[in-house]
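# Overview (structure and organization)
Take a look at the letters that make up each chain.
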Amino acid sequence: MKQALDSKVLSVLEDKIQLIKTEGGAIYLVGPIKLPVNLYGETVEFKWYCWLNCKEVTEDFERIIDKLSSANLAEFQQSSVLVYGDFEYAEDAIIRMHSICHTGDIFGSKRCDCGYQLKKSMKMIQEHGTGALFYLANHEGRGIGLFSKAMAYVLQENGYDTVEANEGLGFVDDSRNYSDAIQVLKAIRQKPVTLMTNNPKKLNALKEAGLEVSGRQPLWGDVSEFNEKYLQTKIKKSGHLEEEDEGTCPND
Ligand SMILES: [Zn+2]
């Protein structure tokens, strides 16, 4: 039989869990947790929060904690957010809604510019003094998933562009949803934010989903022979603005 949760464990965790009610259930947000990060060779201290979506809505967190060991969470990705500075109260904060990119963020793939954008946005947040980087785990390949993204890359190696490849596999060009991230943002900050993106569609999608945006900051860079075509597709087909800075994944 499973052991009852140690009361000490529960009391430590209870202070660091927030319940955020959603339309379909709840988000459980855990944090802040100190996270010193190696950013271009310098140690920068961020605060980290991670969240989990559940159908069950309860303030009895023991019920949620009890389920963790059998929930097989490693099979599913969870999203999280890195926060820097006085994010809750500062007047002016910049945020990045970063879509997970296994190949770009982890392997440093140059087929897209996600890895570059990830690090660059963290640096911009640090330089700005206050901000947050949302790392959205269900956004791989603009929401098509890693395996489908591999298939899309095969098509791209055979002459398809990013949009054609995703559509060829039966996906809509962009199926990403930001509602969880926006609810988490609202739980940790009430004031408007400046959004780092080159993608006006993303800015509009976020505004429509209820994000209070006070401005947009572009994020281009790292153009190479490997991602030039991808970046051009972003500009021509996906409505990205040119001459500014952002990345090359189907992702952004
Ligand atoms: Zn990417």
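See the structure printed just above.
Before going into details, it helps to say that this report is about the structure given with it.

How each quantity is defined
- Residues numbered from 1 in each chain as written.
- Predicted model: local features only at pLDDT ≥ 70, side-chain atom pairs only at ≥ 80, totals over all residues.
- Heavy atoms only, no water.
- Buried < 20%, exposed > 50% of the residue type's maximum accessible area, 1.4 Å probe, protein only.
- Helix = DSSP H or I, 4+ residues; strand = E, 2+ residues; numbered from the N terminus.
- Arc of directions from axis to C-beta.
- Contact = heavy atoms within 4.5 Å.
- 1 Å grid on protein atoms, 1.4 Å probe; cavity = no way out; pocket = protein on both sides within 12 Å on 5 of 7 lines; lining within 4 Å.
- Points joined across faces, edges and corners; volume = space filled by probe spheres on them.
- Nonpolar A, V, L, I, M, F, W, Y, C, P; charged D, E, K, R; others polar.
- Pairing = 2+ DSSP bridges.
- Axes fitted to C-alpha atoms, helices over the stretch in contact; angles between N-to-C directions.

### Here we look at helix α6 (residues 146–156)
Count 3.6 residues to each turn of an α-helix, and residues three or four apart come out pointing the same way. Among all positions of α6, only S148, K149, A152, Y153 and Q156 are buried. Taken around the axis of α6, the buried residues stretch over an arc of 150°, which confines them to a single face. Of the surrounding secondary structure, the elements contacted by the buried residues of α6 are α3 (102–106), α5 (140–143) and α7 (162–168).

### Examining the layout of surface pockets
The computed volume of the largest pocket comes to approximately 270 Å³. Contributing to the lining of the largest pocket are 14 residues, with Y28, V30, L52, I64 and L68 lying nearest its centre. Mapped by element, the contributors of at least two residues to the lining of the largest pocket are β2 (26–39), β3 (42–54) and α2 (61–68). Along the lines of polarity and charge, the residues of the lining of the largest pocket split into 13 nonpolar, 1 polar and no charged. Here the second largest pocket is characterised by a volume of approximately 210 Å³.

### Looking at the sheet that holds strand β1 (residues 17–21)
If you walk across this open sheet you meet the 8 strands as β1-β2-β3-β4-β6-β5-β7-β8, and the pairing is mixed. Pairing within the sheet leaves two strands with one partner each, and these edge strands are β1 and β8 (213–217). In this sheet, adjacent strand axes meet at a mean angle of 30° when their direction is disregarded. Examined bridge by bridge, strand β7 (residues 193–196) and β8 share 4 bridges and lie parallel to one another. Within the sheet, the bridge partner assigned to V193 lies in β8 and is V213.

### Here's the deal with unusual backbone geometry
In the segment running from G31 into P32, the intervening peptide bond is cis, with an omega of 0°. Residue placement: P32 occurs in strand β2. Of note in this structure, N72 is not a glycine but carries a positive phi near 55°. In this structure, N72 sits in the loop between α2 and β4 (80–84). Residue N72 is classed as partly exposed on the basis of its relative accessible area, which comes to 46%.

### A word on the pairing of β2
When β1 meets β2, the two strands line up antiparallel, connected through 5 bridges. When the sheet's bridge partners are listed, L19 is paired in β2 with Y28. Hairpin remark: β1 followed by β2, antiparallel, with 4 residues in the connecting loop; positive phi at G25, about 155°. Relative to β3, β2 is paired through 12 bridges, and the arrangement is antiparallel. Within β3, the residue paired with K34 across the bridge is K47. Following β2, the chain reverses through 2 residues before pairing antiparallel with β3; Y40 in that reversal takes a positive phi of roughly 50°.

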